[in-house]
Amino acid sequence: MLLGYLASGWAAGAGEQGAPQSAGSGLSILDRSRSMVHDFTEGVARHVDGWFGDKPFEQGGSVSGRIGFKFLTRQHESPDASFRFGAKLDMPNVKEQTYLFFGQENERELVIDQPEPFTRRELLLAEDRKQDQTFFAGVGYALRDNIDFRAGLRSGIKPYAQARYKKGWALGERNHFDFRETLFWNRKDGVGSTTALSFGHGFTRSLAFRWQLAGTISDETDGLAWSNSMGIFKSLGDQRIVSLEALIGGATAGSDNVSETGIRAVWKQPVYRDWTLVEVSLGHFWPQGDAKDENRRGWALGVGFEILF
């Protein structure tokens, strides 16, 4: 059911395909490349896990991750491209609830735990790859199924920490509500928090409505920085999904609470295999208030490609 995809995350649901096959002469270049990335990541996990004991990695060890590229352009702005990489390592010789993670993400969004629909990548906003993106690595501890703690380092040996709580409720057969609260700390922001809410309603098995709201408060935000979206999602079968959303965002401090409004249409589908995903996004955005500038008003286009391993 489409509502299940919205509750768990479309890409995450599509990516539950198991470990890649070992690279061989009968596989395509894409298959072999995916296997090489998976094998390298698993090799790192096995090596690190061996520091803590002699239990075979096969007894509970696993790795998973994703590699993503996105090319985007906004009207009146130069084209841009972004790269994302992330991996999670579960290791049997380490405590059962403990895991390692590493990758490359937008630095600000990584620290505050920004929900994916409101990231610069999904809003089709350009990034400075040297200033905005960072390599990160850290350790996480899952206290329960819905509570975990994460501590890590970003490029330049900059520490950060997070305590996250998430909970979902099925409200009958057609409705689902999700709540996520993240407390975070880093040297620049001090202590802050991000709250994310999501409500989904399934009209049919292939048509659903979703409303999402996120707010972040810290020393670096103007009051409460917030984002809101409402949209319709339609499944066309074979894991193909098309959506149309209305977006609005801003901050509570200052003379104008709203900084930008927009609409976004997205087409997602697997290509080649279930673990190879393509996304095409088309949006139109209107800056508001102090940010209002006719030169920033216009269309935006994004084409993304993601491999799950």
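Just so it is clear, the model here is predicted, and its values are computed rather than measured.

Draft legend 1. Up close: the packing of aromatic side chains. Per the counting criterion, the structure on display carries eight aromatic pairs. An angle of 50° between the planes, with centres 5.2 Å apart, marks the rings of F69 and F83 as tilted. With a gap of 14 residues between them, F69 in strand β1 (residues 62-74) and F83 in strand β2 (residues 80-90) connect regions that are remote in the sequence. On the basis of an interplanar angle of 45° and a centroid distance of 5.7 Å, the ring pair of F85 and F102 is categorised as tilted. Of this pair, F85 sits in strand β2 while F102 sits in strand β3 (residues 98-106), and the two are 17 residues apart along the sequence. Of the two residues, F85 and F102, both sit in the buried class. In textbook terms, an aromatic cluster arises when at least three aromatic residues are bridged by ring pairs, as seen for F85, F102 and F309.

Draft legend 2. Here's a closer look at the side chain of T134. With respect to the helices and strands, T134 occurs in strand β4 (residues 133-144). T134 gets classed as buried once you look at its relative accessible area, which sits at 2%. Reaching out from T134, the side chain makes a polar contact with the backbone nitrogen of S155 at a distance of 3.0 Å. Contacts of T134, omitting those with residues within four sequence positions, involve G103, Q104, E105, E107, L110, R154 and S155.

Draft legend 3. Representation of the nonpolar core in the model. In terms of nonpolar packing, the biggest core is built from twelve residues, these being A45, V48, F57, V63, I67, F85, A87, L89, M91, V94, F102 and F309. Mapped by element, the contributors of at least two residues to this core are α3 (29-49), β1 and β2. The greatest single-element share of this core, amounting to three residues, is contributed by β2. Discounting residues that sit within four places of it in the chain, M91 has contacts with A45, V48, D49, F57 and L100. The next biggest cluster of nonpolar side chains, apart from the first, holds eight residues, and it includes F101, I112, Y160 and F184.

Draft legend 4. Fine view of the pattern of salt bridges. Under the defined criterion, the tally for this structure stands at 17 salt bridges. Residues E105 and R84 are paired through a salt bridge, measuring 2.8 Å at the closest nitrogen-oxygen approach. Here R84 lies in strand β2 and E105 lies in strand β3, a separation of 21 residues in the sequence. Classification of E105 by relative accessible area gives partly exposed; the value is 27%. A salt bridge links D148 to R164, with the shortest nitrogen-to-oxygen separation between them at 3.1 Å. Pair noted here: D148 is in strand β5 (residues 147-154) and R164 is in strand β6 (residues 158-171), with a separation of 16 residues, a long-range link. Both residues of the pair, D148 and R164, count as buried.

Conventions we followed
Residues numbered from 1 in each chain as written. Predicted model: local features only at pLDDT ≥ 70, side-chain atom pairs only at ≥ 80, totals over all residues. Heavy atoms only, no water. Phe/Tyr/Trp six-rings, centres within 6.5 Å; stacked < 30°, edge-to-face > 60°. Helix = DSSP H or I, 4+ residues; strand = E, 2+ residues; numbered from the N terminus. Buried < 20%, exposed > 50% of the residue type's maximum accessible area, 1.4 Å probe, protein only. Polar contact = N/O pair within 3.5 Å; in protein donor to acceptor, adjacent residues only side chain to side chain. Contact = heavy atoms within 4.5 Å. Core = buried A, V, L, I, M, F, W, Y, C linked by side-chain atoms within 4.5 Å. Salt bridge = Lys/Arg side-chain N within 4 Å of Asp/Glu carboxyl O.

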